[in-house]
Amino acid sequence: MDKRHLKKLTSHVDQVIAGYQSGMSLTELGKYFKVSPSTVSSILKEYNITRRRRGPRGKDEEQAS
């Protein structure tokens, strides 16, 4: 991971985590913060945030809950 991107996100870690936990995808967060999804993933990993499983979001997922 590029250190300058990590440094850029350091001041926004709480926002990255909150966004992810509220349902935003890595891609959405990356676009918002102008970094790659892998940079977002690295931040989540560094702060021990459990990753969601990949797959479509929708009614099927809501009914399974």
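Below is a summary of the structure that appears in this document. Here the structure is a predicted model, which means the values were calculated and not measured. (Residues numbered from 1 in each chain as written. Predicted model: local features only at pLDDT ≥ 70, side-chain atom pairs only at ≥ 80, totals over all residues. Heavy atoms only, no water.)

### Describing the overall build of the protein
Piece 1. Summing up its helical and strand segments, the protein has five helices and zero strands in all.
Piece 2. Taking the intrachain contacts of the protein between residues at least 6 apart in sequence as the baseline, contacts between residues at least 24 apart amount to 66%.
Piece 3. Working note: accessible area of the protein is about 5200 Å², and carbon and sulfur atoms make up 49% of it. (Helix = DSSP H or I, 4+ residues; strand = E, 2+ residues; numbered from the N terminus. Contact = heavy atoms within 4.5 Å. Areas by Shrake-Rupley, 256 points an atom, 1.4 Å probe, with all protein chains shown as cover.)

### Observations regarding the packing of aromatic side chains
Piece 1. Counted according to the given criterion, the structure contains one aromatic pair.
Piece 2. A ring pair is formed by Tyr32 and Phe33, whose centres lie 4.9 Å apart and whose planes are at 85°; its orientation type is edge-to-face.
Piece 3. Assessed through its relative accessible area of 57%, Tyr32 is described here as exposed.
Piece 4. The ring of Tyr20 carries Arg52 above its face, with NZ or CZ at 4.0 Å from the centroid. (Phe/Tyr/Trp six-rings, centres within 6.5 Å; stacked < 30°, edge-to-face > 60°. Buried < 20%, exposed > 50% of the residue type's maximum accessible area, 1.4 Å probe, protein only. Lys NZ or Arg CZ within 6 Å of the ring centre and 35° of its normal.)

### Description of helix α2 (residues 13–21)
Piece 1. Within α2, burial applies to Val13, Val16, Ile17, Gly19 and Tyr20. Considered in projection along α2, the buried side chains sweep an arc of 165° and stay on one side of the axis. Residues of α2 that are exposed and angled more than 90 degrees away from the buried face: Asp14 and Gln21.
Piece 2. Gly23 sits one or two positions beyond α2 and adopts a positive phi of about 115°. (Arc of directions from axis to C-beta.)

### Let's talk about the nonpolar core
Piece 1. The biggest cluster of nonpolar side chains holds 13 residues, and the ones touching the most others in it are Leu9, Val16, Tyr20, Phe33, Val40 and Leu44.
Piece 2. By residue number, the principal contributor to this core is α2, which donates four residues.
Piece 3. Those residues in contact with Leu44 that sit more than four places away from it in its chain are Val16, Ile17, Tyr20, Leu26, Ile49 and Arg51. (Core = buried A, V, L, I, M, F, W, Y, C linked by side-chain atoms within 4.5 Å.)

### Some details on unusual backbone geometry
Piece 1. The phi dihedral of Lys34 is positive, around 60°, even though this residue is not glycine.
Piece 2. Within the secondary structure, Lys34 sits in the loop between α3 (26–33) and α4 (37–46).
Piece 3. Positive phi outside glycine occurs at Asn48, with the angle close to 55°.
Piece 4. Here Asn48 shows up in the loop between α4 and α5 (59–64).
Piece 5. The exposure class of Asn48 is exposed, given its relative accessible area of 67%.

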